[in-house]
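The primary structure of each chain is shown beneath.
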Amino acid sequence: MEGRVIPEPQRTYFLELLDALGPAADDFVVAGAQAMKFVVEKARATKDVDFLLNVLALRKESVQLAPIFEKLGYMPLPESRNFQFAKAIPGSAEKMRIEFMAPEEYKREKDFRVDIQDGVHALACTGGSIALAQCHLHTISGKLPTGVPCIVQVRVTQPHALVMLKLLAQRSAPRPRRGTNACCGYRRYRNGVGNKFLTQFLTGPQLGIRVLRILADFFRHAASPGLIVHTEYLAANLPAERATAEALRRETETAQRIVAQILPAPEFLALAASVEESTEIERGAPFVEEYLLTLESARIPIADPLALTSLPGGAFSGAYKPGAKFVMSASEPLQKVSDAQRNLLHAYLQRKLQVLQNNEALVAKFPHTLKP
């Protein structure tokens, strides 16, 4: 899609901004609803542009952003404290509004803001580093305000990373948001959707487990809060003659089928819970020593794939809902998860066991397993 997704007159000033940024534009990644327009034909209407910023690159950049924004007529919104800027569009009642986000690991201590440069901040964004890495280049053409033709390339967050950001927003919102709209962007990416969604978390498996739990909580059933909000949105936007119970049912079922491509199986969530029951010694997890003893007796180091299959059966006792089949070992649920899910679980277990390597008493007791 060439990028005629940004409406006029904002399109002209979007081009103006990227053109003025020069090489620094490469460190601005479009996210949010505008990014959805690159993959979903009828994405939610919006004229604001959200950017994820490459913090480290922009801090080293010789070009200063604040003077560029000022020259173009942008003013920081008072309530935002320099992470939202807006300018009046000449000859129009409309505005061009931009908002900046950045990976939360760079945020100030005890604050929600990230310092980018003097006079420019960003809103701390959970999952921002992944979304920055998971982006594609798109071309947008048009004219600058001067009438000069302009073609720019812009980085846009990929659909699977947008879904991640939407799901994280679900948990922090006072009520569920329309996260299914992002999920429905996968209509154009049916092949390998689940794998793309999962593999983005291999460098941050803790976040991946968190996102998948949110997904299950909000979208597993038709009565789940995320799907209810999606149905409400459909009912409000379908033409009157189509807003029937049957039409809503079909649309909701379609949304469920799409979400099902990335929805974790109960076995996956049970395995993730058993990993925690077998490794989180700081919170008094009951099976840590039993698990480490099993690994040590078999001379299995933490990096060995067998470490995942060796999770103690007792760790599954609280992982399933009442009435579910009792599991004696990890082997059975592992047979019911995909390779991509298994890889994510293995990465999650590695991170948890690496924490235990900082415990000198445990390393002395289980040297073959925990030796760095």
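Conventions we followed
Residues numbered from 1 in each chain as written. Predicted model: local features only at pLDDT ≥ 70, side-chain atom pairs only at ≥ 80, totals over all residues. Heavy atoms only, no water. Helix = DSSP H or I, 4+ residues; strand = E, 2+ residues; numbered from the N terminus. Buried < 20%, exposed > 50% of the residue type's maximum accessible area, 1.4 Å probe, protein only. Areas by Shrake-Rupley, 256 points an atom, 1.4 Å probe, with all protein chains shown as cover. pLDDT = per-residue confidence, 0-100. Contact = heavy atoms within 4.5 Å. Axes fitted to C-alpha atoms, helices over the stretch in contact; angles between N-to-C directions. Parallel < 35°, antiparallel > 145°, perpendicular 65-115°, else oblique. Left-handed = near helix turned anticlockwise from the far one by under 90°. Nonpolar A, V, L, I, M, F, W, Y, C, P; charged D, E, K, R; others polar. Core = buried A, V, L, I, M, F, W, Y, C linked by side-chain atoms within 4.5 Å. Expected span 1.5 Å × (residues − 1). Arc of directions from axis to C-beta. Pairing = 2+ DSSP bridges. Phe/Tyr/Trp six-rings, centres within 6.5 Å; stacked < 30°, edge-to-face > 60°.

A. The arrangement of the overall build of the protein chain in detail. Per the secondary structure count, the protein chain includes 18 helices and nine strands. Every one of the 372 residues in the protein chain was classed for burial, and the buried ones make up 52%. As displayed, the protein chain offers around 17800 Å² of accessible surface, 53% of which is attributable to carbon and sulfur atoms.

B. Structural view of the confidence of the model for the protein chain. Looking at the protein chain, pLDDT values average 85 and 82% of them are 70 or higher. Predicted confidence for residues 186-191 stays below pLDDT 50, and this span has 16 contacts to residues more than four positions away or in other chains.

C. Inspection of the packing of helix H9 (residues 205-219) against helix H12 (residues 266-277) at higher detail. Contact geometry of H9 with H12 gives a least axis separation of 11 Å together with a crossing angle of 135°. Of the possible angle classes, the one that applies to H9 and H12 is oblique. Here the hand of the crossing between H9 and H12 comes out left-handed. Residues Ile-209, Leu-212, Arg-213 and Ala-216 of H9 pack against Phe-268, Leu-269, Ala-272, Ala-273 and Glu-276 of H12. Its residues assigned to classes, the contact of H9 with H12 shows seven nonpolar, no polar and two charged.

D. Seen up close, the nonpolar core. Counting 61 residues, the largest nonpolar core has Leu-52, Met-164 and Phe-197 as its most contacted members. The element contributing the most residues to this core is H9, with nine residues. If we ignore the near neighbours within four places in the chain, the residues touching Met-164 are Gly-127, Ile-130, Ala-131, Phe-197, Gln-200, Phe-201, Leu-207 and Val-211.

E. Representation of helix H11 (residues 245-260) within the structure. Over its 16 residues, H11 extends 22 Å from the first C-alpha to the last, a length consistent with the 22 Å expected when each residue adds 1.5 Å. What H11 keeps buried is the set Ala-247, Leu-248, Thr-252, Thr-254, Ala-255, Ile-258 and Val-259. Along the axis of H11, the buried positions cluster into a sector of 155°, meaning they face one direction only. Of the exposed residues in H11, the ones pointing more than 90 degrees away from its buried face are Ala-245 and Arg-257.

F. Up close: the packing of H9 against helix H16 (residues 339-356). Interhelical geometry of H9 versus H16 gives an angle of 125° and a closest axis separation of 8 Å. Classified by the angle their axes make, H9 and H16 are oblique. Relative to H16, H9 is oriented so that their crossing is left-handed. Only Leu-344, Ala-347, Tyr-348 and Arg-351 of H16 make contact with H9, whose side of the interface consists of Pro-205, Gln-206, Ile-209 and Leu-212. Residues that form the contact of H9 with H16 fall into these classes: six nonpolar, one polar and one charged.

G. Structural context of the pairing of strand S7 (residues 120-125). Examined bridge by bridge, strand S5 (residues 95-103) and S7 share three bridges and lie parallel to one another. Each residue of the ladder has a partner; that of Ala-102, found in S7, is Ala-124. One ladder, built from four bridges, connects strand S6 (residues 113-117) with S7; its direction is antiparallel. Each residue of the ladder has a partner; that of Val-114, found in S7, is Ala-122. The antiparallel hairpin formed by S6 and S7 contains two residues in its connecting segment, where Gly-119 sits at a positive phi of about 85°.

H. Looking closely at the packing of aromatic side chains. Taken as a whole and assessed by the stated rule, the structure comprises ten aromatic pairs. Ring geometry for Phe-69 versus Tyr-74: centroids 6.3 Å apart, planes at 65°, classification edge-to-face.

I. How the structure looks around the environment of Ala-265. Mapped onto the secondary structure, Ala-265 falls in the loop between H11 and H12. What makes Ala-265 buried here is its relative accessible area of 19%. Here Ala-265 is in contact with Arg-220 and Gln-341, once residues within four sequence places are set aside.

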